[in-house]
Amino acid sequence: MKKMIINYAMNLIEKNGNYDEEKLSIIKYGLEGLYLTITKLIIIFLLAYLLNIFKEMIIFLLIYNIIRATSFGLHATKSWICLITSTLIFIGFPIICKYVYLTKYFKVALGLILILFIYKNSPADTHKRPIINKNRRLFFKYISTFIAIIFVYSSILINDNFISNCLIFSLFVQSFMIAPSVYKLFNLPYNNYLTYLVNNDI
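It should be emphasised that the depicted structure is a prediction, and the values quoted were computed from it without experimental measurement.

Take I95: it is sitting in helix α4 (residues 79-99). Overall, the relative accessible area of 31% leaves I95 in the partly exposed class. Note: C-alpha distance between I95 and K78 (17 residues apart in sequence) is 26 Å.

Have a look at this one:
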């Protein structure tokens with residue numbers, strides 16, 4: 001199915017546009033990524049609906065992507081790994097957030113650890129998208145840390161247990177996604193901008 005849809009789209013693009021091989025390769029890569037994202041979301045949305053946690057899943061997804069957008073993190077090397085990981089995160093953690101109760105003292109202690117972890121390890125780039133510019137890295141580090149502080153502070157003040165848990169657990173998940181040890185576990189290079197700078201003698 002994937003191959004048929006991608007090939008059909010590429011044929012339309014080639015007929016209606018004037019692109020060289022390099023540009024077509026980039027477009028095809030983008031279409032493959034879009035296809036995987038859409039199919040992954042359909043599966044997760046369907047599971048969430050069947051488990052009656054669709055609203056909770058959407059809320060966790062939105063909150064998590066706020067911190068993910070600035071601290072980045074690893075990407076799975078295979079689509080099936082991405083699907084399994086995303087399903088565990090966006091189905092499992094909304095369920096946890098819905099039923100688990102954490103005391104404010106525990107949230108403060110855990111929150112402080114997560115803030116420090118976010119500050120230390122963000123932004124975590126990938127070998128395909130290294131963050132070369134030093135000022136951009138600092139910007140993402142500071143904005144990620146600021147977001148983490150806001151999340152922890154808000155989780156303590158908010159009376160809604162589910163939202164409060166989402167704020168804390170989204171930082172918890174992201175701390176793993178940017179951890180050097182997790183990159184090593186999946187045999188992925190860490191601090192990829194360093195390799196780029198050395199290779200380009202910058």
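Back to the text.
Of the voids in this model, the largest pocket is the one considered here, and its volume is about 1600 Å³. When residues of the lining of the largest pocket are traced back to their parent elements, those giving at least two are α2 (21-50), α3 (54-71), α4 and α8 (180-185). In terms of residue count, α2 provides more of the lining of the largest pocket than any other element does, eleven residues in total. Tallied by class, residues from the lining of the largest pocket come to 27 nonpolar, 14 polar and nine charged.

So, on to a negative patch on the surface. The grouping of E14, D20, E21 and E22 at the surface amounts to a negative patch. Of note, E21 is situated in helix α2. Look at E21 and you get exposed, because its relative accessible area is 64%.

Turning our eyes to something else, we now look at the side chain of D125. If you trace the backbone, D125 turns up in the loop between α5 (104-121) and α6 (134-157). One buried charged side chain, D125, makes no salt bridge at all; its nearest oppositely charged neighbour is R137, positioned 6.7 Å away. Polar side-chain contacts of D125 include one of 3.2 Å to the backbone nitrogen of I131. With sequence-adjacent residues up to four places away left out, D125 is seen in contact with P130, I131, Y183, N191, N192 and Y193.

All right, on to the packing of aromatic side chains then. Throughout the structure, instances matching the rule amount to twelve aromatic pairs. Look at F60 and Y64: their rings are 6.4 Å apart centre to centre, the planes differ by 5°, and that puts the pair in the stacked class. Residue F60 and its partner Y64 are located together in helix α3, separated by four residues, close to a single helical turn. When sorted by exposure, F60 lands in the same class as Y64, which is buried. An angle of 10° between the planes, with centres 6.1 Å apart, marks the rings of F60 and F93 as stacked. Here F60 is found in helix α3, whereas its partner F93 is found in helix α4, with 33 residues between them in sequence.

What counts, and at which threshold
Residues numbered from 1 in each chain as written. Predicted model: local features only at pLDDT ≥ 70, side-chain atom pairs only at ≥ 80, totals over all residues. Heavy atoms only, no water. Helix = DSSP H or I, 4+ residues; strand = E, 2+ residues; numbered from the N terminus. Buried < 20%, exposed > 50% of the residue type's maximum accessible area, 1.4 Å probe, protein only. 1 Å grid on protein atoms, 1.4 Å probe; cavity = no way out; pocket = protein on both sides within 12 Å on 5 of 7 lines; lining within 4 Å. Points joined across faces, edges and corners; volume = space filled by probe spheres on them. Nonpolar A, V, L, I, M, F, W, Y, C, P; charged D, E, K, R; others polar. Patch = residues over 30% accessible without salt bridge, like charges linked within 9 Å, V, L, I, M, F, W, Y side chains within 5 Å. Areas by Shrake-Rupley, 256 points an atom, 1.4 Å probe, with all protein chains shown as cover. Salt bridge = Lys/Arg side-chain N within 4 Å of Asp/Glu carboxyl O. Lys, Arg positive; Asp, Glu negative; His and termini not counted. Charge placed at Lys NZ, Arg CZ, Asp CG, Glu CD. Polar contact = N/O pair within 3.5 Å; in protein donor to acceptor, adjacent residues only side chain to side chain. Contact = heavy atoms within 4.5 Å. Phe/Tyr/Trp six-rings, centres within 6.5 Å; stacked < 30°, edge-to-face > 60°.

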